[in-house]
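Chain by chain, the residues run as shown.
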Amino acid sequence: MVSPMEAHGSYRGSDWSPERLAFHQNLESFADRVGLIVGLQSNGKLSQEGAYAEIRKLWKSLRTSKNNLLTEDGSPGETASR
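Residues numbered from 1 in each chain as written. Predicted model: local features only at pLDDT ≥ 70, side-chain atom pairs only at ≥ 80, totals over all residues. Heavy atoms only, no water.

Undergrad: Could you clarify how one ought to interpret the overall build of the protein chain in this entry?
TA: Check the secondary structure of the protein chain and you find two helices and zero strands. Relative to its full complement of 82 residues, the protein chain shows a buried share of 23%. Sequence separation of 24 or more characterises 43% of the internal contacts of the protein chain that already satisfy a separation of 6 or more. Carbon together with sulfur atoms contributes 55% to the accessible area of the protein chain, which is approximately 6,100 Å² in total. (Helix = DSSP H or I, 4+ residues; strand = E, 2+ residues; numbered from the N terminus. Buried < 20%, exposed > 50% of the residue type's maximum accessible area, 1.4 Å probe, protein only. Contact = heavy atoms within 4.5 Å. Areas by Shrake-Rupley, 256 points an atom, 1.4 Å probe, with all protein chains shown as cover.)

As structure tokens, this is what we get:
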């Protein structure tokens, strides 16, 4: 089993930083969760509106993560270097 602190796939960017690794992990988690939500909706366990609301919450969380970890150009953010 993969630890929550380990990336699912390795981050291979030449511009590696702890902030980029953290965002990469958050991005993978977002993708995994969206897949689960889509599966629940497809199997009738979650309505389309419920699925949309859940994915929207996840998206807002991912955007906050990006804003906290990376700047507009993708370099480590201000808050990350504190």
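Undergrad: I tried to follow the packing of helix H1 (residues 18-42) against helix H2 (residues 48-69) on my own but got confused; where do I start?
TA: Each pair of packed helices can be summarised by the angle the axes make with each other and by the distance between the axes. Packing of H1 against H2 leaves a shortest axis separation of 10 Å and a crossing angle of 180 degrees. The orientation of H1 relative to H2 falls into the category roughly antiparallel. Residue-level contacts link Glu19, Ala22, Phe23, Asn26, Leu27, Phe30, Arg33, Val34, Ile37 and Gln41 of H1 to Gln48, Ala51, Glu54, Ile55, Leu58, Trp59, Leu62, Ser65, Lys66 and Leu69 of H2. Of the residues that constitute the contact of H1 with H2, the class distribution is twelve nonpolar, four polar and four charged. (Axes fitted to C-alpha atoms, helices over the stretch in contact; angles between N-to-C directions. Parallel < 35°, antiparallel > 145°, perpendicular 65-115°, else oblique. Nonpolar A, V, L, I, M, F, W, Y, C, P; charged D, E, K, R; others polar.)

Undergrad: Please explain the pattern of salt bridges as it appears in this structure.
TA: Two side chains of opposite charge can pair, provided their charged atoms sit close to one another. Evaluation of the coordinates by the stated rule reveals two salt bridges. The partner of Asp15 in a salt bridge is Arg20, with the nearest N and O atoms 3.2 Å apart. We note a salt bridge from Lys57 to Glu54, for which the minimum N-O separation is 3.2 Å. Residue Lys57 and its partner Glu54 are located together in helix H2, separated by three residues, close to a single helical turn. By relative accessible area, which is 52% here, Lys57 ends up exposed. (Salt bridge = Lys/Arg side-chain N within 4 Å of Asp/Glu carboxyl O.)

Undergrad: In this structure, what is going on with the environment of Asn68? I would like to understand it.
TA: Considering the arrangement of structural elements, one finds Asn68 in helix H2. Separated by 45 residues in sequence, Asn68 and Phe23 have C-alpha atoms that sit 9.3 Å apart.

Undergrad: I keep staring at the side chain of Ser65 and nothing clicks. Help me out?
TA: Note on placement: Ser65 falls in helix H2. Among the polar contacts listed, one links the side chain of Ser65 to the side chain of Asn26, at a separation of 2.6 Å. Other than its neighbours up to four places away in sequence, Ser65 contacts Phe23 and Asn26. (Polar contact = N/O pair within 3.5 Å; in protein donor to acceptor, adjacent residues only side chain to side chain.)

Keep in mind these values describe shape, not function.
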